[in-house]
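Here is what each chain is made of, one letter per residue.
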There are 2 protein chains.
Amino acid sequence: MRETTLRDVADLAGVSPRTVSNVVNGYAKVTDSTRAKVEAAIAELGYRPNVLARNLATGRSGQIVVVVPYLDTPYFAELLQAIIPAARKLGYNVLIDQTDGDRQHEGELIGRGSRRHLFDGMIISPLGLAQEDLTARDPSLPLVVLGERVSDGTFDHVGIDDVAASTEAVAHLIAIGRRRIAAIGDQPYPTGEAAQLRTRGFRAAHEAAGLPVDESLIIGTARFNRIDGATAMTALLDRADPPDAVFCYSDLVASGAIHTVLGRGLRVPEDIAVIGYDDIEDGRYSQPTISTISPDKKAIAQLAVDRLVLRIAASEPIPGVELRAPHELVPRQSTLGY
Amino acid sequence: MRETTLRDVADLAGVSPRTVSNVVNGYAKVTDSTRAKVEAAIAELGYRPNVLARNLATGRSGQIVVVVPYLDTPYFAELLQAIIPAARKLGYNVLIDQTDGDRQHEGELIGRGSRRHLFDGMIISPLGLAQEDLTARDPSLPLVVLGERVSDGTFDHVGIDDVAASTEAVAHLIAIGRRRIAAIGDQPYPTGEAAQLRTRGFRAAHEAAGLPVDESLIIGTARFNRIDGATAMTALLDRADPPDAVFCYSDLVASGAIHTVLGRGLRVPEDIAVIGYDDIEDGRYSQPTISTISPDKKAIAQLAVDRLVLRIAASEPIPGVELRAPHELVPRQSTLGY
């Protein structure tokens, strides 16, 4: 028995194949009664839309994929929550993949494979990928990269100015009178590109204030999690000469560090001032509330989606651009005390 | 010019079509050198795997979709973080969709559409869906439902015993001597099925202890967020007869409620004891740490994935089952004080 076609459905429903296609693709411009007729015909004939044929015909699947390292990291969750409505407004459904920051998984997603043909384009926040992986990727995939990368001219990159933001964070600690400032979150290349930019800001703020950097106060961590912050803070407090302030490379790290400080019976910020990074909701409700660098997540999301849709629509390759979203320093109780 | 086929790739690479298929599908059993040969041939011929043909041939896409209402709710983020590795171990890639709890969006996902043919099955945590939407869904979609639903026999349902868990939470507040206990998070049907089960537990614990329920202490909220908890707690503290304990329907609600209590200069738990629900990481690091009901998220994930894979593999429809994951009461500082 031959496969049921879109035309069979159209004939039975008494509508044009184009209308069936609109229903199948979920386009909004179909009336409810027409949609009902088409859906009844689809059900009666047991029609299964040929996804690939549809994609080849329209050149679009109407889907984009957003790839993040960790879904349980609030920064990424909040970013996704901003990307999804921005994409929907432009008619794209968003599906999400997460990689655990694994270089091989990330590489497969941007490499020559089959799965990505399900998508018109990709927004990826890579963690394990080295710059050369991005350069070696499948050039036919419309791609926008988030985070701390540099465009090689074939993809777009959206991020905040991490060095400037980190410099502001540490300058704030210096401005409130702190002189022995630790940094928690340094990481080696390639995973640690974000971390390295933050360490550069840490150094720049010291230099601008004429303060020396105590290298032993720069603490590396495996990830940017609460447990990393708690563990690093324990090591800092066990020193003979603990710091009087800590720049944490994420709000989660700051949350873990504060947990350790308070658990020792010390006060934040009186004994140790703490500033984080990301402005996740948790930091606005915690005790004390957490001073932070707030990246404009809505701006990041809008810039990324707008650029990806432009890239998908372009008939010729368009040059990659660097797009900067704004950020601001948000001082709260963990540095100001009020 | 005719479309490049899988056989063309196999011929050029000097391997079998099956091997090309294995490479295209990302199966692990291909050696690196064979994979390299096949990928070179794919690149040279500009071959685009025919996703639908592959799916029709194997009957599988190797993908499942997990649908949650909100990605920025830590409970769902932590649950996804448990589902993804469980699915990968069984050879499935996971993609994620989020619905904002919108009934129409959720209904489209489980209804007769095209997009779901990209997936072998779906795990959904519905919020807006009414029970009748689940019954009216496309029966050909292998489906596992999470949360507070009841299987109609055609899909599987995985959850904890919410009434028992809520009863334990409120019994704990009674056991530490509290008598004026408020509840924050009640919601109307259909969105509020989770909330209604928790309210039932709230009542059951009072009844078991021979305590009357003060109906005016049951506070409804739009969602289970920090802002909802903070706002409801403000209303409770503004009363002439504030409660001495609060059962919050999520840890986020509890976090918001605690923020309000401490902001008024009151103490947790001395003035007001607070217990939450979900055991998100935040509650283990906050000040005070948050007493909670801990659903076994790994068990929920494993039960859901195992059942979905069984359902996908089944050649005949199999009956839907109710699967219960364990939970436990975890008392912390917000009720015990230590």
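Per an unreviewed UniProt entry, the recorded name for chain A is LacI family transcriptional regulator, and the organism is Paractinoplanes tereljensis.

What follows concerns the domain arrangement of chain A. Here the domain parsing of chain A yields domain 1 (6–58), domain 2 (63–160 + 296–327) and domain 3 (162–294). When each unit is reduced to the centre of its C-alpha atoms, the spacing between domain 1 of chain A and domain 3 of chain A is 56 Å.

What follows is about helix α9 (residues 193–209) of chain A. Residue and element names in this part refer to chain A. In a regular helix each residue adds 1.5 Å, so 17 residues correspond to 24 Å; α9 covers 25 Å between its end C-alpha atoms and thus fits that length. Regarding α9, the residues found buried are Glu 193, Ala 194, Ala 195, Arg 198, Thr 199, Gly 201, Phe 202, Ala 205 and His 206. Looking at the packing, one finds that the buried side of α9 touches α7 (131–135), α8 (162–175), β6 (181–186), β7 (218–220) and β8 (245–248). Positive backbone phi, at 70 degrees, marks Gly 210, one or two positions downstream of α9.

With that out of the way, let us pick up the sheet that holds strand β9 (residues 273–275) of chain B. Residue and element names in this part refer to chain B. Pairing is parallel in the open sheet, where 4 strands are placed in the order β7-β6-β8-β9. The two strands at the open ends of the sheet, each matched to only one other strand, are β7 (218–220) and β9. Taking the axes of each pair of neighbouring strands and ignoring which way they run, one obtains an average angle of 20 degrees across the sheet. Judged from the 4 bridges that link them, strand β6 (residues 181–186) and strand β8 (residues 245–248) form a sheet pairing that is parallel. Across the sheet, the residue bridging to Ala 183 is Phe 247, located in β8. In the packing of helix α9 (residues 193–209) onto the sheet, the strands contacted are β6, β7 and β8, and the crossing angle to β6 comes to about 165 degrees.

To continue, consider the packing of aromatic side chains. This model, assessed by the stated rule, comprises 8 aromatic pairs over all chains. Ring plane angle 70 degrees and centroid distance 5.5 Å describe the contact between Tyr75(B) and Phe76(B), whose orientation is recorded as edge-to-face. As far as burial versus exposure is concerned, Tyr75(B) and Phe76(B) are alike and both buried. Plain terms: the ring middles of Phe247(B) and Tyr277(B) are 6.4 Å apart, the flat faces sit at 50 degrees to each other, and that makes the pair tilted. Linking Phe247(B) in strand β8 with Tyr277(B) in the loop between β9 and α12 (282–285), this pair joins segments that are 30 residues apart in sequence. Neither Phe247(B) nor Tyr277(B) differs from the other in exposure class; each is buried. A connected cluster of aromatic rings, assembled from ring pairs, spans Phe224(A), Phe247(A), Tyr249(A) and Tyr277(A). A cation over a ring is seen here: Arg223(A) above Tyr70(A), with NZ or CZ 3.4 Å from the ring centre.

Glancing now at unusual backbone geometry. Residue Val268(B) is joined to Pro269(B) through a cis peptide bond whose omega torsion reads 10 degrees. Looking at the secondary structure, you find Pro269(B) in the loop between α11 (251–263) and β9. The residue Asp279(A) is not glycine, and still its phi comes out positive at about 55 degrees. In this structure, Asp279(A) sits in the loop between β9 (273–275) and α12 (281–285).

Attention now goes to the pairing of strand β10 (residues 292–295) of chain B. Residues and elements named next belong to chain B. What you see with β10 is no split at all: Thr 292 and Ser 294 on one side and Ile 293 and Pro 295 on the other are buried throughout. As paired strands, β10 and strand β12 (residues 327–330) are joined by 4 bridges and run antiparallel to one another. Paired with Pro 295 across the two strands is His 327, which belongs to β12.

Residue and element names in this part refer to chain A. What the 4 strands build is an open sheet, ordered β7-β6-β8-β9; its pairing is parallel. Unpaired on one side and paired on the other, β7 and β9 mark the two borders of the sheet. Mean inter-strand twist for the sheet, computed between neighbouring axes without regard to direction, equals 20 degrees. Contacts from α9 reach β6, β7 and β8 within the one sheet, and its direction differs from that of β6 by about 165 degrees.

To continue, consider the pairing of strand β5 (residues 156–159) of chain B. Residues and elements named next belong to chain B. Residues of β5 alternate between two faces, with Asp 156 and Val 158 on one and His 157 and Gly 159 on the opposite face, all of them buried. Across 3 bridges, strand β4 (residues 143–146) lies against β5 in parallel orientation. Residue pairing in the sheet places Leu 146 in a bridge with Val 158 of β5. Bridge analysis of β5 against strand β11 (residues 322–324) gives 3 bridges, and the strand direction is parallel. Its bridge partner lying in β11, His 157 is registered against Glu 322.

Residue and element names in this part refer to chain B. Following the sequence through the fold, His 172 ends up in helix α8 (residues 162–175). Residue class for His 172 comes out buried when judged on its relative accessible area of 9%. In contact with His 172, other than residues within four places in its own chain, are Ile 275, Leu 329, Pro 331, Thr 335 and Leu 336.

Another aspect to go through is a negative patch on the surface. Together, Asp100(A), Asp102(A), Glu108(A) and Glu39(B) make up a negatively charged patch on the protein surface. Following the sequence through the fold, Asp100(A) ends up in the loop between β2 (93–98) and α6 (103–110). Note on Asp100(A): relative accessible area 37%, which makes it partly exposed.

For Thr73(A), the position within the fold is in the loop between β1 (63–68) and α5 (74–89). Sequence separation between Thr73(A) and Asn225(A) is 152 residues; the distance between their C-alpha atoms is 8.0 Å.

Moving on, we come to the packing of helix α1 (residues 6–13) of chain B against helix α3 (residues 32–45) of chain B. Residue and element names in this part refer to chain B. Here α1 crosses α3 at 125 degrees, and the two axes come no closer than 9 Å. As the angle between them shows, α1 and α3 are arranged oblique. For the crossing formed where α1 meets α3, the hand is right-handed. Between α1 and α3, the contacting residues are Asp 8, Val 9, Leu 12 and Ala 13 on the first element and Lys 37, Val 38, Ala 41, Ile 42, Glu 44 and Leu 45 on the second. For the contact of α1 with α3, the per-class residue count stands at 7 nonpolar, no polar and 3 charged.

To continue, consider the packing of α8(B) against α9(B). All names here are of chain B. Where α8 contacts α9, the axes come no closer than 7 Å and their chain directions differ by 45 degrees. Taken together, α8 and α9 sit at an angle that is classed as oblique. Once α8 is placed against α9, the crossing between them reads as right-handed. On α9, the residues touching Asp 162, Val 163, Ser 166, Thr 167, Val 170, Ala 171 and Ile 174 of α8 are Leu 197, Arg 198, Arg 200, Gly 201, Phe 202, Ala 204, Ala 205, His 206 and Ala 209. Residues belonging to the contact of α8 with α9 are distributed by class as follows: 9 nonpolar, 4 polar and 3 charged.

Looking now at the environment of Arg198(A). Residues and elements named next belong to chain A. Position of Arg 198 among the secondary structure elements: in helix α9. Measuring from C-alpha to C-alpha, the distance between Arg 198 and Gly 229 comes to 15 Å, with 31 residues separating the pair along the chain. Not counting residues up to four positions away in its chain, the partners in contact with Arg 198 are Glu 148, Asp 162, Ser 166, Phe 224, Phe 247, Tyr 249, Tyr 277 and Asp 278.

Thresholds applied
- Residues numbered from 1 in each chain as written.
- Chains lettered and ligands numbered in written order.
- Predicted model: local features only at pLDDT ≥ 70, side-chain atom pairs only at ≥ 80, totals over all residues.
- Heavy atoms only, no water.
- Domains from an automatic or database assignment.
- Helix = DSSP H or I, 4+ residues; strand = E, 2+ residues; numbered from the N terminus.
- Expected span 1.5 Å × (residues − 1).
- Buried < 20%, exposed > 50% of the residue type's maximum accessible area, 1.4 Å probe, protein only.
- Contact = heavy atoms within 4.5 Å.
- Pairing = 2+ DSSP bridges.
- Axes fitted to C-alpha atoms, helices over the stretch in contact; angles between N-to-C directions.
- Phe/Tyr/Trp six-rings, centres within 6.5 Å; stacked < 30°, edge-to-face > 60°.
- Lys NZ or Arg CZ within 6 Å of the ring centre and 35° of its normal.
- Patch = residues over 30% accessible without salt bridge, like charges linked within 9 Å, V, L, I, M, F, W, Y side chains within 5 Å.
- Areas by Shrake-Rupley, 256 points an atom, 1.4 Å probe, with all protein chains shown as cover.
- Salt bridge = Lys/Arg side-chain N within 4 Å of Asp/Glu carboxyl O.
- Lys, Arg positive; Asp, Glu negative; His and termini not counted.
- Charge placed at Lys NZ, Arg CZ, Asp CG, Glu CD.
- Parallel < 35°, antiparallel > 145°, perpendicular 65-115°, else oblique.
- Left-handed = near helix turned anticlockwise from the far one by under 90°.
- Nonpolar A, V, L, I, M, F, W, Y, C, P; charged D, E, K, R; others polar.

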